[in-house]
4 protein chains.
Amino acid sequence: MAAKKYLVEFIGTFFLVLTVGMTVINPDSGVIAPLAIGSALMIMVYAGGHVSGGHYNPAVTLAVWLRGRCPQADVLPYLGSQFAGGIVAAMTVLLLKGDPTVVPQDLEIFPALVAEVIGTFALAYVVLNVATARSTAGNSYFGLAIGFTVATMAFALGGVSGGAFNPAVALGITVMHLAKTANLWIYLVANFAGGALAAAAFRFINPEDK
Amino acid sequence: MAAKKYLVEFIGTFFLVLTVGMTVINPDSGVIAPLAIGSALMIMVYAGGHVSGGHYNPAVTLAVWLRGRCPQADVLPYLGSQFAGGIVAAMTVLLLKGDPTVVPQDLEIFPALVAEVIGTFALAYVVLNVATARSTAGNSYFGLAIGFTVATMAFALGGVSGGAFNPAVALGITVMHLAKTANLWIYLVANFAGGALAAAAFRFINPEDK
Amino acid sequence: MAAKKYLVEFIGTFFLVLTVGMTVINPDSGVIAPLAIGSALMIMVYAGGHVSGGHYNPAVTLAVWLRGRCPQADVLPYLGSQFAGGIVAAMTVLLLKGDPTVVPQDLEIFPALVAEVIGTFALAYVVLNVATARSTAGNSYFGLAIGFTVATMAFALGGVSGGAFNPAVALGITVMHLAKTANLWIYLVANFAGGALAAAAFRFINPEDK
Amino acid sequence: MAAKKYLVEFIGTFFLVLTVGMTVINPDSGVIAPLAIGSALMIMVYAGGHVSGGHYNPAVTLAVWLRGRCPQADVLPYLGSQFAGGIVAAMTVLLLKGDPTVVPQDLEIFPALVAEVIGTFALAYVVLNVATARSTAGNSYFGLAIGFTVATMAFALGGVSGGAFNPAVALGITVMHLAKTANLWIYLVANFAGGALAAAAFRFINPEDK
């Protein structure tokens, strides 16, 4: 029964985007937003990884599929569940907080593209190595590594691109008016590119791990 | 001998509510309170999990019982130990700090109910998956995942509902005058509802894991 | 050869007290000091646990000895190594920073005693359960749980007692003039009492684990 | 095929130095920089450890070689990959941020040398014990311990020496004008000395582990 996997992807992405919205709509979040967002991903990866793999991110699903660990029939339903989770989370945030008064960040296109490619590459590279490589199987650190990759990249690159590294997050922050609709393509292009690059790097680094 | 399990539940809830009280009664706690509270839960789950399961939360005990991993005879003694731990912790905080001058948060009922249901759902969903599922047995991350769920949800939702996600914490903050007695029912209703929903979700997602 | 164990206890306590001194002598440390101190303990427990048990704390050595997992011949050399590590760290801090201008906290004796007993109890209770209990053997979380117990208790109780929970730390902060010599007895009495209480609680909770 | 190991060392050092640059070039980073930098090292150690050992630091490579766990033929290529990763990261930071306006820290030579020796000793001591010792093999905490050693030492000693503890980081911050070229030798000398000392300590503490 595949529905249980899609529900897990929906729930995990819901909590990830809910945490993004609730912590970013907050004048002096400082250290809080990246830490809370990374932690939200970590807990959901630990909770749902044994059922769905715990992607919660279309760019990660792309990378895992290219690496050969996501059945082709699951790719589109996973993406659908993730985008749905992001949208429902965004509507929940608007319900709880009202329309935010945070002004969306102005992005410079080229640096934002570079930052989103780099951050998504890091995320998918870590996911593939800690959650799909044969030589790390059975470890207890996969969620910690994956969650803190998002926290680290948000600390490092959030000021340049907003730090989505995830098309479902990008869609969610656009629905919440935390990002401009005109910039959504930047995230979509850069995130999928970053995921694909990570899959290529993984295959080069782990040639025997098919 | 069941008394040792009840003592462990008492000790764990005591340290959780003690940390809540001591860090919230503090003008500029900022990032500190959610981090310290999540960490208090994490350490006590790691210390006591092997004896009692490490619930420290009546809503978690409800969820674990509905999922079939808490003997019925333990349910009421667990709740009693947890509420007792919360009350003794509250009295210890008052002893150490004097009556706090923090003004209890005003809650809007509907958003607070929604936030407490969502946060408690996340907590019980994570607990059931990382600490009771057959396919995650023997892992070393259960305490990290559980503790940081409370930290994450407190970061995300604390501003809406106060962020208890736990009837024993709700009772403790009421005794310490950090929450209004008139709002106690919000936590009790929402937390038990969130725990029950998580048990239902777990059973749908893990149908073969009885 | 026992010397290697004593050297490990010296090194671990040195880095713990060094981190205490360097982060507390800092006007706006905020969240930094408790987090850094807990992290210092965590890393040294992970690095040295396999050689010496990773106590770095005379009150923990007392508790582990009472629980029956520290050879009697090691107790005094462990305490000597720990106090020596604390003193050398304090002198290193004075070398690097000069005499600090931080004014030592004024303590009220009774609350400070209560806070130090509670915090040291938590630390030794966690140590005994995660690092010496038969049913948690082989786990990967022992250092995380132990280190973050000190961080949590420092967040919760540091404002009341200074948050040593460790006679070697107490001696170190006295040498660095971060605590008053007249208050040293408070830490010594309360920390050893907290450790002994934790050993009694552990034996009640784990009666079959001799 | 050794190239995959060198690529992993390049990628890991790139993300470490990228995070250093992006978080330090930021007026009020406060707790963020040390936490993000330690976390960057943690995630890359978890991602790449199974391929290259996850050094990302010439002083660590020296220590692991002296301890007998790095083939001699890999030493120079590892150092080359690490320095190259640091330089490319520095250029990426300059591309994303423009030339920083942060004024390089003035260092007092003797305290800076002491601080860098101490911090690098801690890092290499932790690496050797958690990632190469026979009695800790198969653990899940090695990345957590290694990453948080850098965070802890940066909290404790960053104010004295800048807190590189890594010649590739030192080169990177010099290229980014966050450190003075005239001070580069301090890091090189002290970091390699700290790594060598840690190897000696490890061999004394683990005499049977060849």
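Residues numbered from 1 in each chain as written. Chains lettered and ligands numbered in written order. Predicted model: local features only at pLDDT ≥ 70, side-chain atom pairs only at ≥ 80, totals over all residues.

Participant: Tell me about the overall build of chain A, and please be specific about residues and values.
Facilitator: For chain A, the count of helices and strands is 8 helices and 0 strands. When the helices and strands of chain A are read in sequence order from the N terminus, they spell out α-α-α-α-α-α-α-α. Computed over the C-alpha atoms, the radius of gyration of chain A is 16 Å, within 12% of the 17 Å expected from 2.2 N^0.38 for a compact globule of 210 residues. When its C-alpha atoms are laid out on the principal axes, chain A stretches across 50 × 40 × 30 Å. (Helix = DSSP H or I, 4+ residues; strand = E, 2+ residues; numbered from the N terminus. Rg over C-alpha atoms; globule rule 2.2 N^0.38 Å.)

Participant: Please set out the relation of the copies chain B and chain A residue by residue, giving values where relevant.
Facilitator: What relates the two chain copies is a rotation about an axis together with a slide along it. You can overlay chain B on chain A at an RMSD of 0.0 Å; the transform is a turn of 90° with a shift of 0.0 Å along its axis. Accordingly, the operation relating the two chain copies is best matched by a four-fold axis. Proximity to the rotation axis, assessed at the C-alpha, singles out S140(B) in chain B; its C-alpha lies 4.0 Å from the axis. An overlap of only 11% is found between the interface residues of chain B and their copies at the interface of chain A, pointing to separate contact surfaces. (Least-squares fit on C-alpha atoms with pLDDT ≥ 70 in both. Contact = placed C-beta atoms within 7 Å.)

Participant: Describe the environment of L184(D), listing the residues and the values that go with them.
Facilitator: Residues and elements named next belong to chain D. Locating L184 in the fold gives a position in helix 8 (residues 184–205). Using a count of 16 C-beta atoms within 10 Å as the deciding quantity, one classes L184 as partly exposed. A sequence separation of 94 residues divides L184 from A90, and the C-alpha atoms of the two residues are 15 Å apart. Apart from residues lying up to four places away in sequence, L184 is in contact with A170 and T174. (Buried ≥ 20, exposed ≤ 12 C-beta atoms within 10 Å, placed from the backbone.)

Participant: Now, about unusual backbone geometry: what can you tell me, with residues and values included?
Facilitator: Positioned with a positive phi, H177(B) is a non-glycine residue whose angle comes to about 65°. Structurally, H177(B) can be placed in the loop between helix 7 (167–175) and helix 8 (184–205). Its identity is not glycine, yet Y56(C) carries a phi of approximately 60°, on the positive side. As for its position among the elements, Y56(C) is in the loop between helix 2 (32–52) and helix 3 (58–67).

Participant: Kindly report on the interface of chain B and chain C, identifying the contributing residues and their values.
Facilitator: The figure often quoted for interface size is the accessible area lost as the parts come together. Facing 24 residues of chain B, the contacting portion of chain C comprises 27 residues. With 11 residues, the top contributor of residues to the side of chain B that touches chain C is helix 2 (residues 32–52) of chain B. For the side of chain B that touches chain C, a count of residues per class yields 16 nonpolar, 7 polar and 1 charged. (Nonpolar A, V, L, I, M, F, W, Y, C, P; charged D, E, K, R; others polar.)

Participant: With reference to specific residues and values, describe the interface of chain B and chain A.
Facilitator: Listed by partner, the interface residues are 27 residues for chain B and 24 residues for chain A. Of all the secondary structure elements, the ones that give two or more residues to the side of chain B that touches chain A are helix 5 (109–131), helix 6 (142–161) and helix 8 of chain B. Element by element, the count of residues in the side of chain B that touches chain A is highest for helix 6 of chain B, at 10 residues. Residue composition of the side of chain B that touches chain A, grouped by class: 20 nonpolar, 7 polar and no charged.

Participant: How would you summarise helix 2 of chain C if you had to cite specific residues and measurements?
Facilitator: Residues spaced three or four apart along an α-helix face the same direction, because each turn holds 3.6 residues. Residues and elements named next belong to chain C. Helix length check: helix 2 (21 residues) gives 28 Å between terminal C-alpha atoms against 30 Å at 1.5 Å per residue, within 8%. Along helix 2, the sharpest change in direction is near 40° and occurs at Y46. Among the 21 residues of helix 2, 19 are classified as buried, and the element is accordingly described as predominantly covered. At the C-terminal side of helix 2, G53 shows a positive phi close to 95°. (Expected span 1.5 Å × (residues − 1). Bend = angle between axes of the 7 residues up to and from the residue.)

Participant: Just give me the short version of helix 4 (residues 72–97) of chain C, but keep the residues and values in it.
Facilitator: Compared with the 38 Å implied by 1.5 Å per residue over 26 residues, the 38 Å span of helix 4 of chain C between its first and last C-alpha is a close match. Each element contacted by the buried residues of helix 4 of chain C is listed here: helix 1 (3–24), helix 3 and helix 7 (167–175) of chain C together with helix 5 (109–131) and helix 6 (142–161) of chain D. Taken from the residues just after helix 4 of chain C, G98(C) is the one with a positive phi, measuring 75°.

Participant: I'd like to hear about the packing of helix 2 of chain C against helix 6 (residues 142–161) of chain C, residue by residue, with values.
Facilitator: All names here are of chain C. Running from amino to carboxyl end, helix 2 crosses helix 6 at an angle of 160°, the nearest separation of the two axes being 7 Å. As the angle between them shows, helix 2 and helix 6 are arranged roughly antiparallel. For the crossing formed where helix 2 meets helix 6, the hand is right-handed. Counted together, P34, L35, I37, G38, S39, L41, M42, V45, Y46 and G49 of helix 2 and F142, G143, L144, I146, G147, F148, V150, A151, A154, F155 and G158 of helix 6 form the full contact between these two elements. Of the residues that constitute the contact of helix 2 with helix 6, the class distribution is 15 nonpolar, 6 polar and no charged. (Axes fitted to C-alpha atoms, helices over the stretch in contact; angles between N-to-C directions. Parallel < 35°, antiparallel > 145°, perpendicular 65-115°, else oblique. Left-handed = near helix turned anticlockwise from the far one by under 90°.)

Participant: Tell me about the confidence of the model for chain A, and please be specific about residues and values.
Facilitator: Looking at chain A, the pLDDT average stands at 95 and 98% of residues meet or exceed 70. Across the interfaces of the predicted complex, the ipTM metric reaches 0.96, alongside a pTM of 0.97. (pLDDT = per-residue confidence, 0-100.)

Participant: Explain the environment of A200(B) to me, and be specific about the residues and the numbers.
Facilitator: Residues and elements named next belong to chain B. With respect to the helices, strands and loops of the structure, A200 is situated in helix 8. By the C-beta count within 10 Å, which is 13 here, A200 ends up partly exposed. In the structure, A200 is positioned 133 residues away from R67 in sequence and 8.0 Å away in space, judged by C-alpha atoms.

Participant: Before we move on, could you go through the environment of P77(B) and cite the residues and values that matter?
Facilitator: Residues and elements named next belong to chain B. Relative to the helices and strands, P77 is located in helix 4 (residues 72–97). Taking the C-beta count within 10 Å as the criterion, P77 has 15 such neighbours and is therefore assigned partly exposed. Along the sequence, P77 and A47 sit 30 residues apart, while their C-alpha atoms lie 20 Å from each other. What P77 contacts, discounting residues up to four positions off in sequence, is A2 and Y6.

Participant: Residue-level account of the packing of helix 1 of chain C against helix 4 of chain C, with values.
Facilitator: Residue and element names in this part refer to chain C. Here helix 1 crosses helix 4 at 35°, and the two axes come no closer than 7 Å. Here helix 1 runs over helix 4; the crossing is right-handed. Split into classes, the residues belonging to the contact of helix 1 with helix 4 amount to 14 nonpolar, 7 polar and 3 charged.

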